[in-house]
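Each chain, written out:
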Amino acid sequence: MAVFVILLVVILWIYFFQPLYDEFWNDKLIDILVLIPAIISAVAGTLLMRQFDKGEIPYHIWQAFAIGLWCWVAGEVSGMIYDAIYWYDTYPEFGLVDVFWLMGYFFLGLSLYYQLRLVYGAKNKSRRRIYLGLVALALLVAAGLTTLSERAGLGEGYAWIILFVTILYPVFDATEGTAAIWLSFLFGRGQWSRPWWGLILFALADSIDSFYWLGGYAFVPTALQSVLNFIAVAAYPASYMVAGLSLLANYFILRYGEHSGLVKVAAKGKIKGS
């Protein structure tokens, strides 16, 4: 925990004080530091997955979750490569980075589907209706926001589909994260919802990033821009940190039980999830 806090402070310091001589290298240093919790979270998800047998539903939940995180790690790396190529040129409107982000959302959505299956049972068709309803809701909300943004003059010069994909990121973050957390608390599995909390932070960071990319900063005062920048820069790496710490906590609980120091022991000696 302390290491992540220090890492977050260093990222914020680099962003606002620009200690290196060139903006590019300051940005790349931040990217490298963000990559650390991104990899840790993906590794933690993989370790947690391996605590279950392949025939168990939790195995599939955390397998899909881990694959989604690894896709985002690939997205972070490809983003750094794109910066090295296009920093002083025009970036492609849609590239490999977007492919990895969308693949990540697909697998996180699959993880949510398996969680619905665990909660409602494999034979209950409600899970499929709820899942498809959430996907449809996310797409409709993203489409509506895209149309409103276009009419407001945001993202001028970009095709509607490019604006849609940009807005889809925070919408997917919020939809998947909120749905998973709601299910976990509703059915008494709060411990296992914690890795999904990171997606709520991603929704916050991605919303601000999308607003900036669409040209929204032209409509807000400079002071508010600084506040938004601070929130986005802090929330983005914190998203990986929250997911990574939660996944590691669940891994240690499963592997070491009460000896992990992360669980409460009832009076009769049975282990309770914290």
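Residues numbered from 1 in each chain as written. Predicted model: local features only at pLDDT ≥ 70, side-chain atom pairs only at ≥ 80, totals over all residues. Heavy atoms only, no water.

Draft legend 1. Representation of the packing of helix 3 (residues 57–86) against helix 9 (residues 222–256) within the structure. Where helix 3 meets helix 9, the closest approach of the two axes is 13 Å, and the angle between their N-to-C directions is 150 degrees. By the angle between their directions, the pair helix 3 and helix 9 is classed as roughly antiparallel. Both helix 3 and helix 9 take part in a crossing whose hand is left-handed. Residues Trp62, Phe65, Leu69, Trp72 and Glu76 of helix 3 form the contact with helix 9, whose participating residues are Tyr236, Tyr240 and Leu247. Grouping the constituent residues of the contact of helix 3 with helix 9 by class yields seven nonpolar, no polar and one charged. (Axes fitted to C-alpha atoms, helices over the stretch in contact; angles between N-to-C directions. Helix = DSSP H or I, 4+ residues; strand = E, 2+ residues; numbered from the N terminus. Parallel < 35°, antiparallel > 145°, perpendicular 65-115°, else oblique. Left-handed = near helix turned anticlockwise from the far one by under 90°. Contact = heavy atoms within 4.5 Å. Nonpolar A, V, L, I, M, F, W, Y, C, P; charged D, E, K, R; others polar.)

Draft legend 2. Structural context of unusual backbone geometry. Non-glycine residue glutamine 18 carries a positive phi angle of around 45 degrees. Here glutamine 18 is to be found in the loop between helix 1 (2–17) and helix 2 (23–49).

Draft legend 3. The arrangement of the side chain of aspartate 31 in detail. Mapped onto the elements, aspartate 31 comes out in helix 2. Judged by its relative accessible area of 17%, aspartate 31 falls in the buried class. Discounting residues that sit within four places of it in the chain, aspartate 31 has contacts with Met80 and Asp83. (Buried < 20%, exposed > 50% of the residue type's maximum accessible area, 1.4 Å probe, protein only.)

Draft legend 4. Local environment of the pattern of salt bridges. For the structure shown, the criterion picks out three salt bridges. The partner of lysine 28 in a salt bridge is aspartate 27, with the nearest N and O atoms 2.8 Å apart. Aspartate 27 sits in the partly exposed class, given a relative accessible area of 25%. We note a salt bridge from lysine 28 to aspartate 31, for which the minimum N-O separation is 2.4 Å. One end of the pair is lysine 28 and the other is aspartate 31, both in helix 2 and three residues apart, which spans about a single turn. In this structure, lysine 28 and aspartate 31 share a single accessibility class: buried. (Salt bridge = Lys/Arg side-chain N within 4 Å of Asp/Glu carboxyl O.)

Draft legend 5. Region of interest: the nonpolar core. Counting 58 residues, the largest nonpolar core has Ile11, Trp62, Phe65, Trp72, Trp196, Tyr240 and Leu247 as its most contacted members. Of all the secondary-structure elements, those providing two or more residues to this core are helix 1, helix 2, helix 3, helix 4 (96–120), helix 5 (126–151), helix 6 (160–186), helix 8 (197–213) and helix 9. Residue contributions to this core peak at eleven residues, all from helix 6. In this structure, tryptophan 196 is in contact with Trp62, Phe65, Leu108, Ser111, Leu112, Gln115, Glu176, Gly177, Ala180 and Ile181, ignoring residues within four places of it in sequence. (Core = buried A, V, L, I, M, F, W, Y, C linked by side-chain atoms within 4.5 Å.)

Draft legend 6. Spotlight on the packing of aromatic side chains. Following the criterion strictly, the structure yields 24 aromatic pairs and no others. An angle of 65 degrees between the planes, with centres 6.0 Å apart, marks the rings of tyrosine 113 and tyrosine 114 as edge-to-face. (Phe/Tyr/Trp six-rings, centres within 6.5 Å; stacked < 30°, edge-to-face > 60°.)

Draft legend 7. Region of the structure containing the packing of helix 2 against helix 3. The geometry of helix 2 relative to helix 3 is characterised by a closest axis approach of 9 Å and an angle of 165 degrees between their N-to-C directions. Between helix 2 and helix 3, the angle is such that the two are roughly antiparallel. Along this stretch, helix 2 crosses helix 3, giving a crossing that reads as left-handed. Here the contact of helix 2 with helix 3 is composed, by residue class, of 19 nonpolar, four polar and five charged.

Draft legend 8. Here's a closer look at the side chain of lysine 28. Among the residues examined, lysine 28 registers a relative accessible area of 6% and is labelled buried. If we ignore the near neighbours within four places in the chain, the residues touching lysine 28 are Met80 and Asp83.

Draft legend 9. Quick look at a nonpolar patch on the surface. Taken together, the side chains of Ile6, Val10, Trp13, Tyr15, Phe16, Phe17, Leu204, Leu224, Val227, Phe230 and Ile231 define a hydrophobic patch exposed on the protein surface, amounting to about 1000 Å² of accessible area. Every element with two or more residues in the nonpolar patch is listed here: helix 1 and helix 9. Top element by residues in the nonpolar patch is helix 1. It accounts for six residues. Locating isoleucine 6 in the fold gives a position in helix 1. (Patch = residues over 30% accessible without salt bridge, like charges linked within 9 Å, V, L, I, M, F, W, Y side chains within 5 Å. Areas by Shrake-Rupley, 256 points an atom, 1.4 Å probe, with all protein chains shown as cover.)

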